[in-house]
Each structure stands twice: as C-alpha cells, then as structure tokens.
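So you can see what is in the structure, the chains are spelled out below.
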Amino acid sequence: MALTTHPTPRTDPVDPAEPVQLSAVRSLLRLWPFVRPVRARLFTAAFVAVVASCIGVVIPLVLKWLVDGPVVTGDTGGVWWGGGCLLLLGLAEAGLFGLRRWLVARPTAGVEAAMREALYRRVQRLPVAFHDRWASGQLLSRATTDLTVLRLFLVFPLTFLVVNGTTIVVGCAILLAQRWSLGLVLLAPMLPLMVLCSVFQAKYALVARRAQDQVGDLTTVVEESVLGIRIIKGFGRHRSQARAFKELTRSVRTTELRKARLLSVIWGFNTLLPELAVGTALVLGAVQVADGRLSAGTLVAFLSTALALRWPVGSIGFLLAMSSAAATAADRYFEVMDEPLPDDPAAPDRAAARAADGTADRAAVGRADGDGPRAADVAGGGPADGAPPVGGLVFEAVEFRYPDAPPGTPATLRGVDLHIRPGETMALVGATGSGKTTLTALVPRLYDPTAGRITLDGRDLATLGRDEARALVAVAFEEPTLFSATVAENVLMGASGTPDAQNAQNVQDGHGERDVPADRTGLTTTARQTDQQAALLGALEVAQADDFVAALPQGAATEVGEQGLSLSGGQRQRLALARAVVGRPRFLILDDPLSALDVHTEALVEAALRKVLAGTTALVVAHRPSTVLLADRVALLSGGRIAAVGTHHQLLRDSPEYAALMSGAAEPGAGGRAQGGGPVTGAGRGTTRTSRSGPREGESAR
C-alpha cells in the first residue's frame, strides 16, 4: 500500500461545495471594528482620490476651451496658457494619487496586523475540540493569504469603487450637459453591464471560495509533509507524496483558471460595450460637426471625457472580483472568530468560589509546607465530619464523549470515580484505547466532562477559570512537543511568571545585566532571574537533562529547532518532563513520561521524580512496572471505567486483567481505539496531526 498524505477533510462549519454566503457588503462591513481606529486616514485618502479623479474629468473641459478658443483664433499666448493649465492639472492629479497611496499604506498594514493578532489570540483560546476538527492548513491560510487579500481590498478596491463610481456619475453629468443625445448613446451599455456584473459577482464568489479552501488544504498537505519528512524518507515515499501533491495543485490550478475565465469574460464585455458606444458617438458627433450643429472643441471634449471614463467602467469587473475575494476572505476569517469560546466562570462567580473555598486553599498551602489537610479543613460545602476527605484530586461520576463522536457510540469515559489524596501519586493503568489519555486531558481543562465533576482540593474544576486551573496543574504528555526556541525558553514555559525574551536570555546566560526597581512582589529583575535560573537547573536535574543540556553548543541557550528535532526522542521527553516540574505545581499529570528513555536513564529519572512527587498530588499514566512503582496506589481503567484501585501488589494478586497488562500478555478487550472516539495522542486525538517519532534515547542527537 502506498504511503500517501491526502488533504485533511474539511470539517469546519462551511462546506466549500455549498458555502453559506452572506452578501458581499454584509461580509465586508464586519471589518468595521478593525477599520474604525484608522477611519480618518482612510476617509481622507478616499476624498483625495475623488478629487484627483474629478481633476481628470475636468481636463477635457480645458481642452474644449483650448480648441474652440485659442486654437481657432490663432492665439499663441492662449495656447501656451491652456497647455500650462493642462500640465498643472496633470501634476496635481498624479500628486493626489501618490498622496492617497501614502495615506492608506500604514493604516491598512496596521489593520492587517490587528486582525492577525486577534485571530491568533482567538485560536489560542479556542478549545482543543476545535483544533481536533480544523485542519491546521486552513487556519494558516486564514492567517496569511486571506488577510493579505483583505489588506489589498482596503488599499485598492475599497477606495476605487467609491472613486470610480463618483467619476462615472460626474463624467456622465458632463457628457449629458455637453450633448445629451450623444450622452445617451454612451450611457446605453450601462444597463446590460450592470446585469452582467451582478451575475459575474455571484459566480465569482463561489469560485473564489473554492479556491481559497483548496489553498488551505494545500497548505495542510505541505505542513504535514514537512513535519513527516522522516517518515516519507524512511519509507521511500517521496514519489507518491509528490503525486498526491500534484493532484492537489492541479485542482487549485483548475479553479484559478475558472476564476481567470470569469474575469476575462466580464473584462471583455466591460471593454467591448463602452468601446462600441464611444465609436458610435464618434461617428454621430463627426456628422454633427460636419453639419455645423456641433463645434469641434465640444466633440474633442466629449470624446476626451468618454475616454477618461474607460478605466472606471472597464475596471468594474476587476474591482468586483477583488471585492468578492475579499468578502470570501472575510467570511473565512470570521468563521474562526465566530467560534464560541469555552465557558469560563464569570469573575464574580470565581470570586465567590475563592471565598467559599478559601480554607481549602489554606489547607493546600499547609500541605505544601508539610501539613496534610484534613477533611474538616475543607470548606465550601464539603462533606460532614466522618465523610471521606475531599482534598486532592477527585473524579466524581465523570463521563466524557468527544464532541464529534458518531451518534450512538458509547462515551469514552463512563462513570469514573477516583480519589487521589493530597500528596499521593496514583498510577493509571489500562489497555490501549481504554481512555487513559482522555482522562488526563480533563484535569487541565483541555476538555470538560460531559457529566460529573472534578475537584482540586475540594474546589469544583468547573468553577475555576482555565488560566487558574492550568496554573495549578502541570502536564507532561506522552508525545513531547518542543517549540522553535532555546532549551531554557522551552522548559521555563512551565514556570509561573516566565520572563520575557530579554530576561529569558539573561537566565540562559546565568546572569542579569542590571538591576531594576522591584515590582509588586518586592523582587528585582535580577532576583527573579536568579530564581528562574535555579528553577531551570533544578528541573533539568530532576529530568536527568542537565548533562546533555550542558553538552549542547550554547547550553540552555541552544535553539532546539522546530519541534525539537535536533534532539533525540529521549532528550525531548526529558525536557518536556522538566517543563512539567519546573513550576512546582500542586497537581502533576504525567502521561507515560519515560517511554523513550533507556533503562539506566529511566532509573535515574525515577529516583529524582520520587522526591518531586512526594510534595505534589500526581496522576501518572503508566505502561511499565517500573513506572507503576513510582506510585502509592494504582487505578485500573477498563472500558472507560475504573475497574480496580489498590497497590501494585494487591492488583497483581486480585485483578487478572491488571496482572496480564503488567506481564505483557494480550490486553483483555484492547481494541486499539478509544471508546466513543478515535485514537488519542498527546493532548487529544491526533486527527489532524502527523506523528513524529524521534530516535530513542541512546541514539546521538544531531
């Protein structure tokens, strides 16, 4: 079977075959909030362009005076005077159009930047379920190609639709005033041109939408091919990939040619009909001049005005095409911006929750200082005396179904009840597809439970804002993700109050350049950098990454490259683990964090992790007995439910399924797929991501 990458099916709300189209005007009016801050310069630019265009229409009137006056009478001085006036008017027109261009350049670039920043913020805040559904290439094309189309619309069509419309109205008025009979001849093509333009815009909008969606799919394939280049080369499938890519490019080419054909048709009619009208008017005007009913100057002025209207009339199709593409780009942009954000508790609700759970926080702080909380210490509607403690991490009848799971399929998690006591480490064990990664993704609120609730030290996770929840919880996923940044920047992402770029560089260098006044915490910049450096070194030591980081060319200041592929798989996993522990979180979620390590390194990391886990509440997904032994207790997840909880030895004795998993026997009931959903990787299901497997620990890093 050929290994080919096909375009990721579009699962966003709009089907390119049957687009939900607003009118172009309504779509473009949605840009107003971004345009409003620069409206003064844009309106000024439009006014300047209108004046410049009107000057072009006035020039034929000067020609009429020049021909009927100084030329006929032989007044040489008048001819020079008229020529000077024409030169000044031409210079004024050129200067005003140049001024218009200068006026729109900076504000339109600012609008594009503001829209791109807003889109990026929105994408960052949208839930993981959104990213599961949307192909990354579609998002990239919206942030690049579509925004470029919108900027070009603001620079050119937006202004010239107004300018050309004004020019046509003023020019037609001048034509009718000079000779109404000839003016009507020139106006005759207007009605058929309006009908043609209306039909053209409707058809062009559909084709433009299809083209922009196809470019998004093409971007997705390029991205996946680059990310999966090791797989492609490893299996020798570059030819099949090239064939698949060629098919996509042919589809884009076909659609672009369809756009070109539509544009050529409208441009041809917009040129042909006015030219026929001008030719007819020229013949009729020449006859009238010969009969003495029309002066030569009037005919020259009339024809000059008609020729001055050729560009405004002929460009209508081009401007409408650009406007249709811009309207489509606006629709695509706002499809993302209109996606609902996950509901976070309102600020008053969070304040009330904090007040109600204040003693729970104090209990947690006491635990961090070595005092374990008691059930009676937890406020906010906790159980009465004698009831089970509610501190730590608690799952209560938790159910979860992926938003895009087919109807009728069972939920991924069903009735999960689990209590991880404060300061306890719980190992989560289960067959492939049992829902382990899905369960861990609920704690940092990457997803929210469909039913039931999760509490952190007695506080309902649903009452916490996502930022607050993620400040309490640190996560290391099975498949580590590193960014195109330095080692220090990647690790310190897990620390609260991560320094800015300059401070991060100082942390990497091991010193601060200068002291600055203390902030509200009472710490100077240098003091904070020292704390960050100490946290960085401590986290690297826990992950047994300090030795290989020190051996890098620039130590912790070394750039790791895109996705960290300059490092081995084990090195990337250790840096991800260091990122999880650097912030000393109250709750730690580890999804099989040692899978890419060799036996010797794994033993060292486990020894260091025991010290870290002793001071935090941890849930560790484990597949090997060595990882299970890090935990105080073990929970067996089977078929989306907690089947058994106990120590490792108890479950070995009492649970045949657990014993089979630990012995490496066939997994009972393992189907290789999560219940009620697709395979789960990383923070969620990898439906639109390409897996990138690095070398195992022991292979040399590049």
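Everything that follows concerns the structure shown earlier in this document.
What counts, and where the lines are drawn
- Residues numbered from 1 in each chain as written.
- Predicted model: local features only at pLDDT ≥ 70, side-chain atom pairs only at ≥ 80, totals over all residues.
- Heavy atoms only, no water.
- Pairing = 2+ DSSP bridges.
- Helix = DSSP H or I, 4+ residues; strand = E, 2+ residues; numbered from the N terminus.
- 1 Å grid on protein atoms, 1.4 Å probe; cavity = no way out; pocket = protein on both sides within 12 Å on 5 of 7 lines; lining within 4 Å.
- Points joined across faces, edges and corners; volume = space filled by probe spheres on them.
- Nonpolar A, V, L, I, M, F, W, Y, C, P; charged D, E, K, R; others polar.
- Expected span 1.5 Å × (residues − 1).
- Bend = angle between axes of the 7 residues up to and from the residue.
- Buried < 20%, exposed > 50% of the residue type's maximum accessible area, 1.4 Å probe, protein only.

1. Description of the sheet that holds strand β1 (residues 393-400)
Point 1. Taken together, four strands build an open sheet; the order of strands is β2-β1-β4-β5 and the sheet is antiparallel. Only two strands of the sheet have a single neighbouring strand rather than two, namely β2 (413-420) and β5 (459-460).
Point 2. Pairing of β1 with strand β4 (residues 451-456), which is carried by five bridges, proceeds in the antiparallel orientation. Directly across from Val394, in β4, lies its bridge partner Thr455.

2. Quick word on empty space enclosed by the protein
Point 1. In this structure the tally under the stated criterion is one cavity of 30 Å³ or more.
Point 2. Lining the largest cavity are 16 residues, and of these Leu186, Met190, Pro274, Leu309 and Val313 lie nearest its centre.
Point 3. For the lining of the largest cavity, the secondary structure elements donating two or more residues are α7 (157-178), α8 (180-187), α9 (190-227), α11 (238-290) and α13 (310-314).
Point 4. Residue composition of the lining of the largest cavity, by class: 14 nonpolar, no polar and two charged.

3. Description of the pairing of strand β10 (residues 641-646)
Point 1. For strand β9 (residues 633-638) and β10, the ladder comprises five bridges, and the chain directions are antiparallel. Along β10, the bridge assignment pairs Val634 with Gly646.
Point 2. Hairpin connection from β9 to β10: two residues lie between these consecutive antiparallel strands, with Gly639 at a positive phi of about 60°.

4. A word on helix α6 (residues 136-155)
Point 1. An ideal rise of 1.5 Å per residue puts 28 Å on 20 residues; α6 measures up with 28 Å between its terminal C-alpha atoms.
Point 2. Of all the bends in α6, the greatest, near 35°, is centred on Arg142.

5. Details of unusual backbone geometry
Point 1. The backbone phi angle of Ala397 is positive, close to 50°, even though this residue is not glycine.
Point 2. Along the chain, the position of Ala397 falls in strand β1.
Point 3. The class for Ala397 is partly exposed, based on a relative accessible area of 41%.
Point 4. Unusually for a residue other than glycine, Arg445 sits at a positive phi of about 60°.

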